[in-house]
Amino acid sequence: MSKKLPKYMTKGGPGDKDFKTSLLGGKVDTTSWFENQLEQFDNEGRTKFQYNPDVLEKGSIAQKAKDQEIFFCDIPFTQLYMEIDGRYQACCFAVPPRTEHVLNTTMKEWMEDSHAMNSIRGEMLDPNSKFKNVKRFCERCVDDERRYGRSRRTACMKIHTNEREYWEKVDRSARLFNASGMWAFDERIVEIQLKMFGSECNLDCYMCVHANSTIRQKVAIEGGVWNDAIFEELNEMALDKLKWVSRDKTEILKEKDIKQDNAGGFTIPKYKVEEKITNTVSMIDQCLELAPYTRSIKIIGGEPLIMKKHYELLDKLIEMDEAKNIIIKYQTNLTEMKAGKHNIFKYIPHFKLVSMVASVDGIGKTIEYMRRRCSWDKIVKNAEMCNEYPNVDVDFNGLVSFLSVMRFYEVIDWCLENPLVDQINWAMLETPPLLRVNNLPQKIKDDLIPKYKQFPDIQMALEMPAEKGLDIQEVFDYMLDADEYYKGTKWEKHLFDVFPELEEYYIPKDKRKKGAFSKLISGRIE
Ligand code: SF4
């Protein structure tokens, strides 16, 4: 990993290292922002399409963003996101405001009228902002840039500022907002990220929050594979929440538990309270209404490719002749390409582009252990099948966590040897805190640091001290409970066979003494 990395390895941000301090105190490298737009020739001396000499003109939004005179992120100008519980937020990393969710707000109202969205848009264009709302709603990016020198914002900016046509639309939208203080649907710029089809999933990934996978919920509730210290108590309230998030919210008025009062208003029980429904239009119809302004739709699960309901949306987009203009993106585990009568390969030719963002953070038995019930060979085969279509991109997007960081360099090496992916990207696991990289024993972290020479964000995460008051024996207990649950099945695997370097730090339950864990976290057993 010592020679210069090919572009697909660093497209979304990995490998940044010439950090300067942003207005919010983060370490940000903008060297590669707007790079393609200024490349006039390719290797054979031919003129390249991207050339745009004016983009960094003094006073432009691009120049101010690149020189960090403003804290700019294009996402609030282009993305419509809802969480699995139905709350809207600026993106998957943002903090949701208290009020707006799919039961009381349409997608259009959220994008155009939300105070949260308009306040962060305004602050992101203001060089003198105090960033009151950015600090609140975009806390994760602000923190990540301080800790690791990399965030979802920097990854998005690196990708989007290098797409000339797209950036021109972002720039126009931001300038219109600057002039009017308003944002409106007026051209094909929006990415709708849909997390409303519930959480049906076929895998049991050790670090995934249970809300995102019905299989995780089954293993936890029926199989007892749960650890309060890692995931908090699985009480009645937590079970209620799991029930709510797991349901499909596309056609809420057709649900059996809807009630209608004498005045004609609707309610639905949510966490045992009757919640009013004032947004009565089906989410599918709302998507179709916004189709002329939609650049891409990202389907997030659960595992989207096994969610039958989302194929209805694809069918309708094809029917109304909008599919050819729209990019479909999947956040997928790439293990199943069919759901009942639906086969994704039949849909692909109808769409402008299909982007398969595969959750890959290990190879071979490592991923098969961490993302239990998957098959690495099947993932590779499906990626190869996708690549046979000229309008499909396959990306790998991993989560760097307690277990995956011990082998993530193998994914990087595999991608270098097998140029199958359009780009590789990753994020640091944030929750649950016990499963973060920095909680590994010190010796393991020290041994790993040289393996991530060209990836300073991972090195920075490994250099951080362990969280205070957390006991890694809880991680061992949780993983060993899962091993026990899968014993005798085709998914049987053992923690210490896959990660033998962890075994010396494990203390069997009957040998544990109170207070022993603080010594273990620093890697010394006495
Ligand atoms: S700054 Fe980060 S949290 Fe805020 S919208 Fe951009 S990517 Fe999302």
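Remember, predicted model here, so these are calculated numbers, not experimental data.

Engineer: What am I meant to see in the site of the ligand here?
Structural biologist: Residues in contact with the ligand amount to 14 residues; listed here are only the nearest, Cys73, Cys91, Cys138, Cys141 and Arg153. Those elements giving two or more residues to the shell around the ligand turn out to be helix H3 (75-78), helix H7 (139-148) and helix H8 (152-160). Counting residues per element, the shell around the ligand draws most heavily on H8, at three residues. Looking at the shell around the ligand, its residues break down into 10 nonpolar, one polar and three charged.

Engineer: I would appreciate a short explanation of the nonpolar core in the present structure.
Structural biologist: Among the nonpolar cores identified, the biggest contains 124 residues, and Ala90, Met356, Ala358 and Val400 are the most heavily contacted of them. Dropping the residues within four chain positions of it, Ala358 is found in contact with Thr332, Asn333, Leu334, Ile379, Ala383, Val394, Asp395, Phe396 and Asn397.

Engineer: Sorry if this is basic, but what is going on with helix H10 (residues 214-221) here?
Structural biologist: Since the α-helix packs 3.6 residues into each turn, any two residues three or four apart lie on the same face. Turning to H10, its buried residues number three or more, namely Ile215, Arg216, Gln217, Val219 and Ala220. Each element contacted by the buried residues of H10 is listed here: strand E6 (204-205), helix H12 (236-246) and helix H21 (473-485).

Engineer: Can you help me understand the sheet that holds strand E10 (residues 294-299) in this one?
Structural biologist: Pairing between the strands of a sheet is mediated by backbone hydrogen bonds and can be parallel or antiparallel. Taken in spatial order, the eight strands make up an open sheet running E4-E3-E5-E10-E11-E14-E16-E17, and their pairing is mixed. Edge positions in the sheet fall to strand E4 (88-89) and strand E17 (423-428), since each has one partner strand and no second. Pairing of strand E5 (residues 190-194) with E10, which is carried by five bridges, proceeds in the parallel orientation. Note that in E10 the partner of Leu194 across the bridge is Ile299.

Engineer: How should I be thinking about the pairing of strand E11 (residues 327-332) in this particular structure?
Structural biologist: Put simply, side chains in a regular strand alternate between the two faces of the sheet. Taking burial as the measure, the six residues of E11 include five buried ones, the bulk of the element. In this structure, E10 lies alongside E11, joined through four bridges in parallel fashion. Bridging across to E11, Ser296 finds its partner in Ile327. Running through helix H14 (residues 308-319), the crossover from E10 to the neighbouring parallel element E11 is right-handed. Relative to strand E14 (residues 353-358), E11 runs parallel, the two sharing six bridges. Paired with Gln331 across the strands is Val357, a residue of E14.

Engineer: Would you take a moment to explain the packing of helix H13 (residues 283-290) against H14 for this structure?
Structural biologist: Packed helix pairs are characterised by how far apart their axes lie and by the angle those axes make with each other. At a minimum axis separation of 11 Å, H13 and H14 run at an interaxial angle of 30°. Pair H13 / H14 crosses with right-handed handedness. Contacts between H13 and H14 involve Ile284, Cys287 and Leu288 from the former and Glu312, Leu313 and Lys316 from the latter.

Engineer: For this particular structure, what's the right way to read the sheet that holds strand E9 (residues 273-277)?
Structural biologist: Ordered in space as E7-E8-E9, the three strands form an open sheet in which the pairing is antiparallel. Strands at the two margins of the open sheet, each flanked by one partner only, are strand E7 (259-260) and E9. Across two bridges, E7 lies against strand E8 (residues 266-270) in antiparallel orientation. Bridge pairing in E8 places Gln260 opposite Phe266.

Engineer: I'm lost on unusual backbone geometry in this one. Help?
Structural biologist: Most peptide bonds are trans, and most residues other than glycine sit at a negative phi. For the bond running from Gly301 to Gly302, omega is 10°, close enough to zero to count as cis. Mapping Gly302 onto the fold places it in the loop between E10 and H14. Following Thr431, the chain continues to Pro432 via a peptide bond in cis, the omega torsion being -5°. Relative to the helices and strands, Pro432 resides in the loop between E17 and helix H19 (442-448). Of note in this structure, Tyr271 is not a glycine but carries a positive phi near 50°. With 11 C-beta atoms packed within 10 Å, Tyr271 lands in the exposed category.

Engineer: Sorry if this is basic, but what is going on with the confidence of the model for the chain here?
Structural biologist: Atomic detail in the predicted coordinates should be set aside for any region of low pLDDT. Looking at the chain as a whole, the pLDDT averages 92, with 95% of positions reaching at least 70. For the stretch residues 517-526, pLDDT sits under 50, and the model shows 18 contacts to residues farther than four places along the chain or on other chains.

Engineer: How should the environment of Met111 be read in this particular structure?
Structural biologist: By the element assignment, Met111 lies in helix H4 (residues 107-113). The contacts of Met111, once residues within four sequence positions are left out, are Leu80, Met117, Trp183 and Phe185.

Engineer: I would appreciate a short explanation of helix H18 (residues 408-417) in the present structure.
Structural biologist: Here H18 has its buried residues at Phe408, Val411, Ile412 and Cys415. The buried residues of H18 occupy one face: seen down the axis, they fall within an arc of 100°. For H18, the elements touching its buried residues are helix H1 (7-10), strand E16 (392-400) and E17.

Cut-offs used in this document
- Residues numbered from 1 in each chain as written.
- Predicted model: local features only at pLDDT ≥ 70, side-chain atom pairs only at ≥ 80, totals over all residues.
- Near = placed C-beta within 6 Å.
- Helix = DSSP H or I, 4+ residues; strand = E, 2+ residues; numbered from the N terminus.
- Nonpolar A, V, L, I, M, F, W, Y, C, P; charged D, E, K, R; others polar.
- Core = buried A, V, L, I, M, F, W, Y, C linked by C-beta atoms within 7 Å.
- Buried ≥ 20, exposed ≤ 12 C-beta atoms within 10 Å, placed from the backbone.
- Contact = placed C-beta atoms within 7 Å.
- Pairing = 2+ DSSP bridges.
- Right-handed = clockwise from strand over helix to strand, strands pointing away.
- Axes fitted to C-alpha atoms, helices over the stretch in contact; angles between N-to-C directions.
- Left-handed = near helix turned anticlockwise from the far one by under 90°.
- pLDDT = per-residue confidence, 0-100.
- Arc of directions from axis to C-beta.

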